[in-house]
Amino acid sequence: MNEIKFYNGENIPLELHKVRIVQKLHLVPIERRLEALQEGGFNTFRLNTKDVFLDMLTDSGTNAMSDNQLAAMMQADDAYAGSQSFFRLQKAVEDVLGKKYYLPVHQGRAAENILSNAYVRKGNLVPMNYHFTTAMAHITQYGGKIAELLYDEAYVINSSHPFKGNMNIEKLEEIIKIHGAKNIPFIRMEASTNLIGGQPFSVQNLRDVKAIADKYNIRLVLDASLLGENAYLVIQREEEFKDSTMGEVMKIMTGLADIVYFSARKLSSSRGGGICTDNADIYKELEALVPLFEGFLTYGGISVREIEAMAVGLYETLDETMISQSPDFIAYLVNALDAHGVPVVKPAGVLGAHVDAMKVCEHIPQKEYPAGALAAALFLISGIRGMERGSISNQRDEYGNETYADMELVRLAVPRRVFTLSQIKYVEDRMTWLYENRALIGGLRFVYEPPVLRFFMGGLEPVSDWPQKLIAKFKEDFGESL
């Protein structure tokens, strides 16, 4: 990577882009933020953006698009079938991801639905380095179960391990022997693991997984939604690849997988998604499901304008300066919070900074959802919308019992090229203040709980009047400041 040194010795990430289109933000008073939480059931997903100052909910579909992507959208061929836009995207998939066959889908979870429909049967087991909410929901919807196979180091919040997203190879082979290869439709690797702090896996680990998959004749599926960031951290952290390019590392990774799927909302800073493979038989197994669930094979439920933006965005993923901006900003925020004593997942990964709500809110029992409470409290005192990545994001077991998450995290997503450094420093300031006043935060309880993916639309309420106490302390320290 190209390192820029500052004369004063500060380590500051330097943006290698300029801002040409801006969108106005609003910071509403704290009283209005409380009303917004009450209206939204203390669920940050249900907040209206007119009440949100910094939207750090997700990087999915919120990354800034480039001038070249916006320009490409104007040449879209809006034919229902045989669109030239599709063939440009198909070439980009082959050039960047190295896969010959491409099936378009409207986003990543649509790919998960198609793969689960095609391969998962009742009683099947899908090993993975860690689950993602929608991936698990689709697998269980078709009667399967998942097995999360991480090394113990992955669950250590404050760690120096460079690849906490590595799959546990010994556990993988053990579980195949126990359940039988015929009951395992595929092995899933996620680049990078979303729910344990955006942690990457190494290329060597992927090679080891592939060797086990080949030994037992099991398909290897790669969720490549954050492939670019995983590749960037491989170049930084894996000695073998320190002099490699983004394109070289990405193709090595995708070349090890039988099936690659992705959300373009992440991978290419656009909308849409896809499934790709070099195996003609796999392509034929999946092909008929795209018109059934998504749309014709040359648009797959995606706007052709977005198809053009996807193609350009895939090529831009090869640009290390574009990919590096988000993880560099995340590392800056993680290190700043850590210096103030705020417990965060280390080392810094991708997606965002992840605050350890289990530690911040150790006085809140897990049954009262500490990560959800911390996310609500942060919005209340700052207008910053983060995302709960803890037990609310889990799902109940088949008997209706609560299943508690391994970690209770609040993710502060940092989409590519969206926030300025002063905004990141505002996040640092408000999160530090909240940590120092953490004893005022109380728990939450469900008042409305959907049966599937409850974290999206579920409604909660405080178990006490803790929001009012937090507001009183905020006004004592900040006066009339927003």
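The structure this text deals with has already been given above.
Bear in mind that the values here come from a model prediction, so they are computed numbers and not experimental data. (Residues numbered from 1 in each chain as written. Predicted model: local features only at pLDDT ≥ 70, side-chain atom pairs only at ≥ 80, totals over all residues. Heavy atoms only, no water.)

Enquirer: Looking at this model, I keep getting lost on the layout of surface pockets. Mind explaining?
Expert: As a volume, the largest pocket reaches approximately 1400 Å³. If you go around the largest pocket, you meet 40 residues; those closest to its centre are I21, A64, M65, R417 and V418. Contributing elements (two or more residues each) for the lining of the largest pocket: β1 (54–55), α2 (67–72) and α14 (320–339). Its residues assigned to classes, the lining of the largest pocket shows 15 nonpolar, 14 polar and eleven charged. (1 Å grid on protein atoms, 1.4 Å probe; cavity = no way out; pocket = protein on both sides within 12 Å on 5 of 7 lines; lining within 4 Å. Points joined across faces, edges and corners; volume = space filled by probe spheres on them. Helix = DSSP H or I, 4+ residues; strand = E, 2+ residues; numbered from the N terminus. Nonpolar A, V, L, I, M, F, W, Y, C, P; charged D, E, K, R; others polar.)

Enquirer: Whenever I open this one, helix α7 (residues 203–215) confuses me. Can you help?
Expert: The periodicity of an α-helix, 3.6 residues per turn, causes residues three or four places apart in sequence to face the same way. Relative to the 18 Å expected for 13 residues at 1.5 Å per residue, α7 spans 18 Å between its end C-alpha atoms, a close match to the ideal helical length. Its buried side turned inward, α7 meets α6 (169–179), β5 (186–190), β6 (219–223), α8 (227–237) and α9 (246–255). Just downstream of α7, N217 is the residue with a positive phi angle, here 55°. (Expected span 1.5 Å × (residues − 1). Contact = heavy atoms within 4.5 Å.)

Enquirer: Where do I start with the packing of α8 against α9 in this structure?
Expert: Packed helices, taken two at a time, are described by their axes: the angle between them and the distance between them. It is at 9 Å that the axes of α8 and α9 come closest, and there the two elements cross at 115°. The angle between α8 and α9 falls in the class roughly perpendicular. Crossing of α8 against α9: the hand is right-handed. In this structure, α8 contributes L227, G228, N230, A231, Y232, V234 and I235 to the contact, and α9 contributes M246, V249, M250, M253 and T254. (Axes fitted to C-alpha atoms, helices over the stretch in contact; angles between N-to-C directions. Parallel < 35°, antiparallel > 145°, perpendicular 65-115°, else oblique. Left-handed = near helix turned anticlockwise from the far one by under 90°.)

Enquirer: Would you explain the environment of E368 in this entry?
Expert: In this fold, E368 is placed in the loop between α15 (357–360) and α16 (370–382). Here E368 is in contact with G443, L444 and V463, once residues within four sequence places are set aside.

Enquirer: What is the right way to read empty space enclosed by the protein from this model?
Expert: The gaps left among the atoms become clear once a water-sized probe is rolled over them. All told, the structure shown has five cavities of 30 Å³ or more when counted by the stated rule. Estimates place the volume of the largest cavity at around 90 Å³. Contributing to the lining of the largest cavity are F42, N43, T44, F45, G372, A375, E388, I392, F455 and L460. By residue class, the composition of the lining of the largest cavity is six nonpolar, three polar and one charged. Approximately 60 Å³ is the volume found for the second largest cavity. As for the second largest cavity, its lining consists of Y130, H131, L195, R389, G390, S393, N394, A405, D406 and M407. Taken together, the residues of the lining of the second largest cavity sort by class into four nonpolar, four polar and two charged.

Enquirer: Any chance you could explain the side chain of S263 here in plain terms?
Expert: You can see S263 is positioned in strand β7 (residues 259–263). With a relative accessible area of 8%, S263 lands in the buried category. Sequence-distant contacts of S263, that is, excluding residues within four places in its chain, are made with S60, G108, S225, G272 and G273. (Buried < 20%, exposed > 50% of the residue type's maximum accessible area, 1.4 Å probe, protein only.)

Enquirer: Honestly, the pattern of salt bridges in this entry has me stumped. Any pointers?
Expert: Two side chains bearing opposite charge may form a pair once their charged atoms approach each other closely. One pass over the structure, following the stated rule, counts 31 salt bridges. Measuring nitrogen to oxygen at the nearest pair gives 2.7 Å for the salt bridge that ties D55 to R385. Linking D55 in strand β1 with R385 in strand β10 (residues 384–385), this pair joins segments that are 330 residues apart in sequence. Exposure remark for D55: the relative accessible area of 27% places this residue in the partly exposed category. Connected through salt bridges with shared partners, the residues R32, E35, E39, K50 and D51 form a single ionic network. (Salt bridge = Lys/Arg side-chain N within 4 Å of Asp/Glu carboxyl O.)

Enquirer: Could you clarify how one ought to interpret the pairing of strand β8 (residues 273–277) in this entry?
Expert: Looking along a regular strand, one sees side chains alternate from face to face of the sheet. Counting buried positions along β8 yields five of five residues, so the element is predominantly enclosed. Side-chain alternation along β8 places G273, I275 and T277 on one buried face and G274 and C276 on a second face that is also buried. Judged from the five bridges that link them, strand β2 (residues 101–105) and β8 form a sheet pairing that is antiparallel. Bridging across to β8, L103 finds its partner in I275. Examined bridge by bridge, β7 and β8 share five bridges and lie antiparallel to one another. What sits directly across from I259, in β8, is T277. (Pairing = 2+ DSSP bridges.)

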